[in-house]
Amino acid sequence: MKVRSLLLLNPFLVMTFLLGIFYILEYGFNFDSWRFLAQPLLLSAITTIMIVKPHFKRYILFLISFCLVLMIISNLLNLLSFSKIIGDFGFSLLVVTIVLYLPRIIKKGYIEKF
């Protein structure tokens with residue numbers, strides 16, 4: 001029973017740690033309102049899913065593509081605030097995905113170690 005509780009606690013701790021990092025990267029150290037917690041919460045949840053279940057990375061790449069295409073369409077329709085929100089989210093997910101793919105790329109030898 002103890003091992004099962006540790007397995008459930010580990011992703012929660014990872015998500016909480018990532019939530020703090022993403023919030024600081026996005027908004028700094030000022031906490032204005034709870035509504036600013038949505039984007040870091042989504043980023044930390046998706047990043048935790050990519051760390052815990054790596055076979056979902058392909059589906060998350062489709063989500064990134066969808067966000068970026070939706071950003072372009074909303075920008076063409078002059079929905080600039082929505083375009084900025086969805087573009088920031090899609091680009092943030094793209095950066096996180098690239099960072100999580102770096103160990104595999106280095107292992108295969110496409111990028112040399114320093």
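Data block above holds the structure.
Residues numbered from 1 in each chain as written. Predicted model: local features only at pLDDT ≥ 70, side-chain atom pairs only at ≥ 80, totals over all residues. Heavy atoms only, no water.

Turning our attention to the overall build of the protein chain. Check the secondary structure of the protein chain and you find 4 helices and 0 strands. Going from the N terminus to the C terminus, the protein chain shows its helices and strands as α-α-α-α. A burial count over the protein chain gives 24% of its 114 residues as buried. Pairs at least 24 residues apart make up 51% of the contacts formed inside the protein chain by residues separated by at least 6 positions. As displayed, the protein chain offers around 8800 Å² of accessible surface, 73% of which is attributable to carbon and sulfur atoms. (Helix = DSSP H or I, 4+ residues; strand = E, 2+ residues; numbered from the N terminus. Buried < 20%, exposed > 50% of the residue type's maximum accessible area, 1.4 Å probe, protein only. Contact = heavy atoms within 4.5 Å. Areas by Shrake-Rupley, 256 points an atom, 1.4 Å probe, with all protein chains shown as cover.)

Bringing a nonpolar patch on the surface into the picture now. A cluster of nonpolar side chains, namely F91, V95, I98, V99, L102, I106, Y110 and I111, defines an oily patch on the protein surface of about 740 Å² accessible area. Counting through the fold element by element, V95 comes out in helix α4 (residues 80-108). (Patch = residues over 30% accessible without salt bridge, like charges linked within 9 Å, V, L, I, M, F, W, Y side chains within 5 Å. Salt bridge = Lys/Arg side-chain N within 4 Å of Asp/Glu carboxyl O.)

A few words on the nonpolar core. By size, the foremost hydrophobic cluster in this structure holds 12 residues: L18, F22, L43, I46, M50, I60, I64, C67, I86, F89, L93 and V96. Sorting the residues of this core by element identifies α1 (2-27), α2 (38-52), α3 (57-76) and α4 as the ones contributing at least two each. Looking at which element gives the most residues to this core, the answer is α4, with 4 residues. (Core = buried A, V, L, I, M, F, W, Y, C linked by side-chain atoms within 4.5 Å.)

This brings us to unusual backbone geometry. Even without being glycine, N78 reaches a positive phi, approximately 65 degrees. Structurally, N78 can be placed in the loop between α3 and α4. Residue N78 is classed as exposed on the basis of its relative accessible area of 58%.

When you line up the elements, L25 lands in helix α1. With 15 residues separating them along the chain, L25 and P40 place their C-alpha atoms 9.0 Å apart.

So, on to the pattern of salt bridges. Evaluation of the coordinates by the stated rule reveals 1 salt bridge. D88 is paired through a salt bridge with K84; the nearest N and O atoms lie 2.8 Å apart. Here the residue D88 and the residue K84 both occupy positions in helix α4, the gap between them amounting to 4 residues, near one helical turn. On the accessibility criterion, K84 (54% relative accessible area) is exposed.

So, about α3. Spanning 20 residues, α3 covers 29 Å between terminal C-alpha atoms, matching the ideal 28 Å at 1.5 Å per step. For α3, the complete set of buried residues consists of K57, I60, I64, C67 and S74. Projected onto a plane normal to the axis of α3, the buried residues spread over an arc of 100 degrees and lie on a single side. Turned more than 90 degrees from where α3 packs its buried face, R58, Y59, F62, F66 and L76 sit exposed. Here the buried face of α3 lies against α2 and α4. (Expected span 1.5 Å × (residues − 1). Arc of directions from axis to C-beta.)

Interpretation in functional terms is not warranted from these geometric data alone.
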